[in-house]
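Listed below, chain by chain, are the residues.
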Amino acid sequence: MRKIREVLRLKWGNGMSNRQIAASCGIGRPTVSGYLRRAEDAGLSWPLPADLDDARLERLLFPPPPDLPAESRGIPDWAHIRKELRHKHVTLFLLWHEYRQSHPEGYQYSWFCEHYRAWQGKLDVVMRQDHRAGEKLFVDYAGQTVPIIDRNTGEIREAQIFVAVLGASNYTFAEATWSQTLPDWIGSHVRAFQFLGGVPELIVPDNLKSGVSKAHRYEPDTNPTYQDMASHYGVAVLPARVRKPKDKAKVEGGVLIVERWILAALRHRQFFSLAELNTVISELLVKLNERPFRKLPGCRREHFEQLDRPALQPLPAEPYVYAEWKQAQVHIDYHVAVDGHYYSVPYALIKKAVEVRITRNTIECFHQGNRVASHRRSHHKGSHTTVPAHMPEAHRQAGEWSPGRLAKWAAQTGPATEKLIRTVLGSRKHPQQAYRSCLGILRLGKAYGNERLEAACRRALTLGSCRYKSIESILKHRLDEQPVEEQQELPLPDGHDNIRGPAYYH
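Everything numeric in this text was worked out from a predicted model, so none of it was measured. (Residues numbered from 1 in each chain as written. Predicted model: local features only at pLDDT ≥ 70, side-chain atom pairs only at ≥ 80, totals over all residues. Heavy atoms only, no water.)

**Here's the deal with the overall build of the protein**
Part 1 of the reasoning: Counting its secondary structure elements, the protein contains 19 helices and 15 strands.
Part 2 of the reasoning: Looking at the protein residue by residue over its 506 residues, the buried ones come to 43%.
Part 3 of the reasoning: Contacts in the protein between residues far apart in sequence, at least 24 positions, make up 63% of those at least 6 positions apart.
Part 4 of the reasoning: When the accessible area of the protein is evaluated, it comes to approximately 27,900 Å², of which 50% is carbon and sulfur surface. (Helix = DSSP H or I, 4+ residues; strand = E, 2+ residues; numbered from the N terminus. Buried < 20%, exposed > 50% of the residue type's maximum accessible area, 1.4 Å probe, protein only. Contact = heavy atoms within 4.5 Å. Areas by Shrake-Rupley, 256 points an atom, 1.4 Å probe, with all protein chains shown as cover.)

**A look at the environment of histidine 430**
Part 1 of the reasoning: Structurally, histidine 430 is set in the loop between helix 16 (415-426) and helix 17 (435-448).
Part 2 of the reasoning: Linking histidine 430 and histidine 384, residues 46 residues apart in sequence, is a C-alpha distance of 9.7 Å.

**A few points about the sheet that holds strand 15 (residues 384-385)**
Part 1 of the reasoning: Sheet architecture is open: 3 strands sit in the order 10-11-15, paired in mixed fashion. Each edge of the sheet is formed by a strand with only one pairing partner; in this case those strands are strand 10 (335-338) and strand 15. (Pairing = 2+ DSSP bridges.)

**Some details on the packing of aromatic side chains**
To describe a pair of aromatic rings, one takes the distance between the centres and the angle between the planes.
Part 1 of the reasoning: Applying the stated rule across the entire model yields 14 aromatic pairs.
Part 2 of the reasoning: Plain terms: the ring middles of tyrosine 141 and tryptophan 185 are 5.7 Å apart, the flat faces sit at 35 degrees to each other, and that makes the pair tilted. Of this pair, tyrosine 141 sits in strand 1 (residues 136-141) while tryptophan 185 sits in helix 10 (residues 182-196); the two residues are 44 residues apart in sequence, bridging distant segments of the chain. This pair shows no difference in class: tyrosine 141 is buried, exactly as tryptophan 185 is.
Part 3 of the reasoning: On the numbers, 4.8 Å between centres and 55 degrees between planes, the contact of phenylalanine 193 with tyrosine 233 is tilted. Of this pair, phenylalanine 193 sits in helix 10 while tyrosine 233 sits in helix 11 (residues 224-233), placing them 40 residues apart in sequence. Just as phenylalanine 193 is buried, tyrosine 233 falls in that class too. (Phe/Tyr/Trp six-rings, centres within 6.5 Å; stacked < 30°, edge-to-face > 60°.)

**Considerations on the packing of helix 1 (residues 2-13) against helix 3 (residues 29-41)**
Part 1 of the reasoning: Where helix 1 meets helix 3, the closest approach of the two axes is 10 Å, and the angle between their N-to-C directions is 85 degrees. Here helix 3 runs roughly perpendicular to helix 1, going by the angle between their axes. In this structure, helix 1 contributes Ile4, Val7, Leu8, Lys11 and Trp12 to the contact, and helix 3 contributes Val32, Tyr35, Leu36, Ala39 and Glu40.
Part 2 of the reasoning: Here the contact of helix 1 with helix 3 is built from residues that sort into 8 nonpolar, no polar and 2 charged. (Axes fitted to C-alpha atoms, helices over the stretch in contact; angles between N-to-C directions. Parallel < 35°, antiparallel > 145°, perpendicular 65-115°, else oblique. Nonpolar A, V, L, I, M, F, W, Y, C, P; charged D, E, K, R; others polar.)

**Structural notes on the sheet that holds strand 9 (residues 324-329)**
Part 1 of the reasoning: If you trace the 4 strands from one edge of the open sheet to the other, you get 9-12-13-14, paired in antiparallel fashion. The outermost strands of the open sheet, each flanked by one partner alone, are strand 9 and strand 14 (370-376). This sheet shows a mean twist of 25 degrees between the axes of neighbouring strands, independent of strand direction.

**Observations concerning the side chain of glutamate 454**
Part 1 of the reasoning: Tracing the sequence through the fold places glutamate 454 in helix 18 (residues 450-463).
Part 2 of the reasoning: Here glutamate 454 is in contact with Thr413, Gly414, Pro415, Ala416 and Thr417, once residues within four sequence places are set aside.

**Some words on the state of the cysteines**
Part 1 of the reasoning: Overall, the coordinates contain 0 disulfides when judged by the stated rule.
Part 2 of the reasoning: For the unlinked cysteine cysteine 466, the closest cysteine sulfur is that of cysteine 457, found at 8.3 Å. (Disulfide = S-S within 2.5 Å.)

**Observations concerning the layout of surface pockets**
Part 1 of the reasoning: As a volume, the largest pocket reaches approximately 540 Å³.
Part 2 of the reasoning: Taken together, 17 residues form the lining of the largest pocket, with Gly382, Arg428, Ser437, Arg467 and Tyr468 sitting closest to its centre.
Part 3 of the reasoning: Here the lining of the largest pocket is composed, by residue class, of 4 nonpolar, 8 polar and 5 charged. (1 Å grid on protein atoms, 1.4 Å probe; cavity = no way out; pocket = protein on both sides within 12 Å on 5 of 7 lines; lining within 4 Å. Points joined across faces, edges and corners; volume = space filled by probe spheres on them.)

**Looking at the nonpolar core**
Part 1 of the reasoning: Grouped together as the largest cluster of nonpolar side chains are 49 residues, with contacts concentrated most on Ile161, Ile262 and Leu277.
Part 2 of the reasoning: For this core, the secondary-structure elements that each account for two or more residues are strand 1, strand 2 (146-149), strand 3 (156-166), strand 4 (172-177), helix 10, helix 11, helix 12 (249-263) and helix 13 (274-289).
Part 3 of the reasoning: In this structure leucine 277 touches Val146, Ile148, Ala159, Ala176, Leu266 and Phe271, once residues within four positions along its chain are discounted.
Part 4 of the reasoning: Ala328, Ile363, Ala410 and Leu475 belong to the second largest nonpolar core, which has 40 residues in total. (Core = buried A, V, L, I, M, F, W, Y, C linked by side-chain atoms within 4.5 Å.)

**Observations regarding the pattern of salt bridges**
Any two side chains of opposite charge can pair, given that their charged atoms come close.
Part 1 of the reasoning: Following the criterion strictly, the structure yields 13 salt bridges and no others.
Part 2 of the reasoning: Here arginine 357 makes a salt bridge to aspartate 228, at a shortest N to O gap of 3.0 Å. Of the two residues, arginine 357 sits in strand 12 (residues 353-358) while aspartate 228 sits in helix 11, which places them 129 residues apart along the sequence. Across the pair, exposure class does not vary: arginine 357 and aspartate 228 are buried alike.
Part 3 of the reasoning: Ionic pairing is found between glutamate 481 and arginine 452, a salt bridge with its closest N-O pair at 4.0 Å. Here arginine 452 lies in helix 18 and glutamate 481 lies in the segment after helix 19 (468-476), a separation of 29 residues in the sequence.
Part 4 of the reasoning: Classification of glutamate 481 by relative accessible area gives partly exposed; the value is 47%.
Part 5 of the reasoning: Ionic contacts of the salt-bridge type, sharing partners, join the residues Asp228, Arg357, Glu364 and Arg371 into one network. (Salt bridge = Lys/Arg side-chain N within 4 Å of Asp/Glu carboxyl O.)

**What about the packing of helix 7 (residues 92-102) against helix 8 (residues 109-120)?**
Part 1 of the reasoning: It is the contact of helix 7 with helix 8, at a shortest axis distance of 10 Å, that shows an interaxial angle of 115 degrees. The handedness of the crossing between helix 7 and helix 8 comes out as right-handed. For the pair formed by helix 7 and helix 8, the contact residues are Leu92, Phe93, Leu95, Trp96 and Tyr99 on the first element and Tyr109, Phe112, Cys113, Tyr116 and Arg117 on the second.
Part 2 of the reasoning: The residue makeup of the contact of helix 7 with helix 8, split by class, is 9 nonpolar, no polar and 1 charged. (Left-handed = near helix turned anticlockwise from the far one by under 90°.)

**Concerning the environment of lysine 83**
Part 1 of the reasoning: Summarising the element assignment, lysine 83 is placed in helix 6 (residues 78-85).
Part 2 of the reasoning: With 50 residues separating them in the primary sequence, lysine 83 and alanine 133 have C-alpha atoms 9.5 Å apart.
Part 3 of the reasoning: The contact partners of lysine 83, leaving out residues within four places of it in the chain, are Gln306 and Leu307.

**Some thoughts on the confidence of the model for the protein**
Part 1 of the reasoning: Here the protein averages 81 in pLDDT, and 84% of its residues register 70 or above.
Part 2 of the reasoning: A low-confidence stretch, residues 214-220 (pLDDT under 50), is modelled with 10 contacts involving residues beyond four sequence positions or located in other chains.
Part 3 of the reasoning: Overall, residues 486-490 carries pLDDT values under 50, and its contacts beyond four positions in sequence, including any with other chains, amount to 4 contacts. (pLDDT = per-residue confidence, 0-100.)

Written as structure tokens, this is what we have:
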């Protein structure tokens, strides 16, 4: 009270400004303004009455709150407060302000926050976290598996259980897959989004290898396919930190609930197919989401319909098509290899790295984020898919590689090697498609020596097998050192459209 008396003296007795009083007394200007306002409301003036002691002055300036019963002041519905907090941009201060509008004699903000947090602390850990509606979907696999029996062989195979839980409503999705590999991981996400009928803002996975290619406490690297799927749905991936289960407590609790209320209920049942198991899981999932909460009103489905569903982003027009990514370097024949088949890219990218997106039906090549080639996928190993526009003028390889240069290189080894290289070049519609095989054959001379390569080419020409694997096999098994019966080589047909003949390269 001594400092308050000093404030009143300096203001009403000396006429000093609030800024000067604050500096003199070592308090803030808002505090000075508050003291003066309270004194005016109490009808005080300077000088203060001589019989006004500190206790009475305190009662005048800081009157106690009205002694009203709790029922009259209004006890907030904490479950309703928690539910409202899950809406975007809703804060405790806003809810307290609305509470005071309906209960003018209600409790102050500090009491409101303190009692809400005390009530929240009585909830389960999983329910205690506050998540915005439509914000996060937590995903993980259950530790428990379900055995599936093969009817024909009796073999038992363990099915994995994928679990996804929405943060705000605890609405749960679960399904069985054969594995935790990337195709099953991505497929489960796609079906989870379809189950929810929308897409959240964030996906929070564990550091599973299928989702996170390199785990890190602060900057984990997301798998390219997983990131591609997230981009398709317009969702961000926020992996949980390593060894921080609280980052994904929702799904940890969801996994536990799925294990207790679904998997435990199936412990005495036998399943003979994945589809049969998923049918039963979907039936039990309905019961789980409609089961009433123990400490909150309603159930998961009701909370989902009221909170999460309106806040979810709409699904895209088409579901995500599974795709894998790989890094590849463009060979001198301006092709990249995917599963043994060769696909062309613009010849200007020779010796450069590209990213290849592989789907069930298409192959797409990207350079610095731009798509440079797209092909229908082929499963014919050793064959080429070439777009004429990707080829350099006059079938020259950047002015550096040509059929003639390869033939001259082969001639340095011997005439049989040169003849075999010319034969290989003539066997393709475009000579560039044979560059890769020719280089492979010529490089065998570094490993086995030019003399042995010349002998192997001579034997291969005699046998009529001029493929790289044939020559490699001859050298590996030292067949080039064994005599072979001379066989008359069959002349190549001159009129075939796909074969140019030796004269083409002179």
